[in-house]
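# Coordinate inspection notes
What follows is each chain in one-letter form.
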Amino acid sequence: MAERAPMDRSGWVAGESLLLAGLSFVAYVLLRQEALHGTDWRWLVLWLDEPGAVHPQHPGYLPIARAVRWLLQPLGLDVYTALCVYSALGASLAVAAVHQASYALQGDRAFARAAALLVLWVPALFHFGTVVELHGPFAGVMAMAVLCAVFQARSGSPATAVCAGAFSGVAALMHATGQLLVPAIGLSVWWAARARGFWRGLNGALLFVATHALVFGGAFLAMRLLGHLPASVAGFAGVPDDPAAPNNPLAYLARWWRDVDLVAQVAPTVLVEWLVPYAPLSVLAFLAFRVRALRVWAAGFAVAVAVYLLVTVALVHAVTDERGAYLLPLAVPAAWLSLLALPRRLWPWLVLLTIGCGFAFRGEPGRLPPDRVFGRAADRLAKVHRTTFFVADFPEMDGAFVENASLDLLVARKEYDELRATQRQTVAFEPSPEQVVAWLSLLALQQRQKGAEFVITARAVQWLEERVPAFAAAWPRFVQQVQATLLPVDAGFAGYLVR
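### A short note on the overall build of the chain
A tally of regular secondary structure across the chain gives 23 helices and 5 strands. Classification of the 499 residues of the chain by burial places 53% in the buried group. Considering only intrachain contacts with a sequence separation of at least 6, the fraction spanning at least 24 residues in the chain is 76%. Of the roughly 22200 Å² that the chain leaves accessible, carbon and sulfur atoms contribute 66%.

### Let's talk about the packing of helix 1 (residues 12–30) against helix 4 (residues 79–106)
At a minimum axis separation of 8 Å, helix 1 and helix 4 run at an interaxial angle of 150°. By the criterion of interaxial angle, the relationship of helix 1 to helix 4 is roughly antiparallel. Our pair here, helix 1 against helix 4, has a crossing hand that is right-handed. Of the residues in helix 4, those touching helix 1 at Trp 12, Val 13, Ala 14, Glu 16, Ser 17, Leu 20, Ala 21, Ser 24, Phe 25, Tyr 28 and Val 29 are Val 85, Ala 88, Leu 89, Ala 91, Ser 92, Val 95, Ala 96, His 99, Gln 100 and Tyr 103. For the contact of helix 1 with helix 4, the per-class residue count stands at 15 nonpolar, 5 polar and 1 charged.

### Structural notes on the sheet that holds strand 5 (residues 495–498)
Ordered by their spatial adjacency, 5 strands build an open sheet running 2-1-3-5-4, and the pairing between neighbours is mixed. The open sheet has two free edges, formed respectively by strand 2 (408–411) and strand 4 (485–486), since each of these has just one partner strand. Here strand 1 (residues 387–391) runs beside strand 2; their pairing, made up of 4 bridges, is parallel. Bridging from a neighbouring strand, Val 391 pairs with Val 411 of strand 2. Across the sheet, helix 19 (residues 394–403) is in contact with strand 1, strand 2 and strand 3 (453–457); its angle to strand 2 comes to roughly 170°.

### Notes on the packing of aromatic side chains
All chains considered together, the criterion is met by 21 aromatic pairs. Relative to Phe 478, the ring of Trp 475 has its centre 5.6 Å away and its plane inclined at 35°; by these criteria the two rings are tilted. Here the residue Trp 475 and the residue Phe 478 both occupy positions in helix 23 (residues 471–482), the gap between them amounting to 3 residues, near one helical turn. Both residues of the pair, Trp 475 and Phe 478, count as buried. Following the ring pairs from residue to residue traces out a cluster consisting of Tyr 28, Trp 121, Phe 126 and Phe 359. When the ring centre of Trp 43 is taken as reference, the NZ or CZ atom of Arg 42 above it lies at 4.6 Å. Of note, Arg 367 hangs over the ring of Phe 394, and the distance from its end group to the ring centre comes to 3.9 Å.

### What about the pattern of salt bridges?
On inspection of all chains with the given rule, the structure shows 14 salt bridges. Measuring nitrogen to oxygen at the nearest pair gives 2.5 Å for the salt bridge that ties Arg 344 to Asp 108. With a gap of 236 residues between them, Arg 344 in the loop between helix 16 (331–341) and helix 17 (347–361) and Asp 108 in the loop between helix 4 and helix 5 (109–121) connect regions that are remote in the sequence. Accessibility expressed as a relative area gives 47% for Arg 344, which makes it partly exposed. A relative accessible area of 16% means that Asp 108 is categorised as buried. Its salt-bridge partner being Glu 364, residue Arg 367 comes within 3.2 Å of it at the nearest N-O pair.

### So, helix 21 (residues 433–449)
Taking 1.5 Å as the rise per residue, helix 21 with 17 residues should run 24 Å; its terminal C-alpha atoms sit 24 Å apart, in good agreement. Just downstream of helix 21 lies Gly 451, where phi reads positive at about 80°.

Cut-offs used in this document
- Residues numbered from 1 in each chain as written.
- Predicted model: local features only at pLDDT ≥ 70, side-chain atom pairs only at ≥ 80, totals over all residues.
- Heavy atoms only, no water.
- Helix = DSSP H or I, 4+ residues; strand = E, 2+ residues; numbered from the N terminus.
- Buried < 20%, exposed > 50% of the residue type's maximum accessible area, 1.4 Å probe, protein only.
- Contact = heavy atoms within 4.5 Å.
- Areas by Shrake-Rupley, 256 points an atom, 1.4 Å probe, with all protein chains shown as cover.
- Axes fitted to C-alpha atoms, helices over the stretch in contact; angles between N-to-C directions.
- Parallel < 35°, antiparallel > 145°, perpendicular 65-115°, else oblique.
- Left-handed = near helix turned anticlockwise from the far one by under 90°.
- Nonpolar A, V, L, I, M, F, W, Y, C, P; charged D, E, K, R; others polar.
- Pairing = 2+ DSSP bridges.
- Phe/Tyr/Trp six-rings, centres within 6.5 Å; stacked < 30°, edge-to-face > 60°.
- Lys NZ or Arg CZ within 6 Å of the ring centre and 35° of its normal.
- Salt bridge = Lys/Arg side-chain N within 4 Å of Asp/Glu carboxyl O.
- Expected span 1.5 Å × (residues − 1).

Pasting the structure below:
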């Protein structure tokens, strides 16, 4: 990149990095989102309480999560809140590491401060620092790997190469996309160190790769041998076509890559997973092509973006909105290139624009906060008698699972999608009233067979009435057929009991 200014050895950088980490942590905790992200958070909560359980693809997350939970026990926090703190800790560590790495890269206080603030507020990290997911903690370890890689590129020290490999290995354990750090960091370190000689730079890169392989491979095998797959996943181990079946990262990626449709899925993935979650850096970083000294780095960055996006296309299929989760390492070079491509007088405005984008684009579009009142009421009811709840959509589902992640739920959105999927020969299949009655009766029978009462919430009925043309006619027939009764007022929510 651009020629580095002389380093200031006054020691201010460590103090400012700690200050930024503290302020970032406070910001992420205070600005924690009410609305949740995806559905994996529920499994993280359940698996944390399952002794010896190891995440099938990302085994590094749970052991550290258990340590964080143990440290937070004196505060009396529930598991969900402890995992929120875990996300904030990881994201704030990323901010501090980026500050250190940026100063080591340029020797410029203003550059280091601006880069850290850009990463702090870029929508993707701002999102994952304020929800329960793997990617906040992953970001912290990833940024430490980048910091060590910058030290390695500057000094050529074998110790820093080992540190970079160790942190990238742990990052790959935290989330499997950390494997993409190996070519990105290895090539960058070799290119930056080439002035000291081809072989010296290559030796540093190879030492980094070897350390990564040893740390990742050794820890992955150890955790899988000493632990076990969660009970909710182990049952799928012999079902090759089920998405939950693969129990290692490569098999998982290969499973999803089979159904990729690049023509249809690339454009929406670029928008949802790159342009929006990393705005405005996702666009401004490419201004570096205008600066002669940055063109090689800009070209390498463009290749990295393309590779990360191809992996993301395979994993999300333009269906799941992951808010840029799989591209988090790109936030760091995007911040550097954006700053180096713009005049210094524009840096404060860039930070302000990024803060605006962070607030504007954080969170899943349309994801409403959990209905905690319903969750508490459902938990009380389930403690009296085993109950399966048929709920409307995210607010009821999230409210129930935040209160008790082990509650038994059927979600109207998911169940109705599966009903329609059984009629693949008809493109525009809409069930008749008779088919809706048969469908609901089958769901009720399945609950009776496992000894559970079946409760259908009033909001689930309303949700289906608004979306299923035949439901309004089918519902009274179903109620009469199974003799469903209204829940008493003291249940805490409106709904129907089907015995």
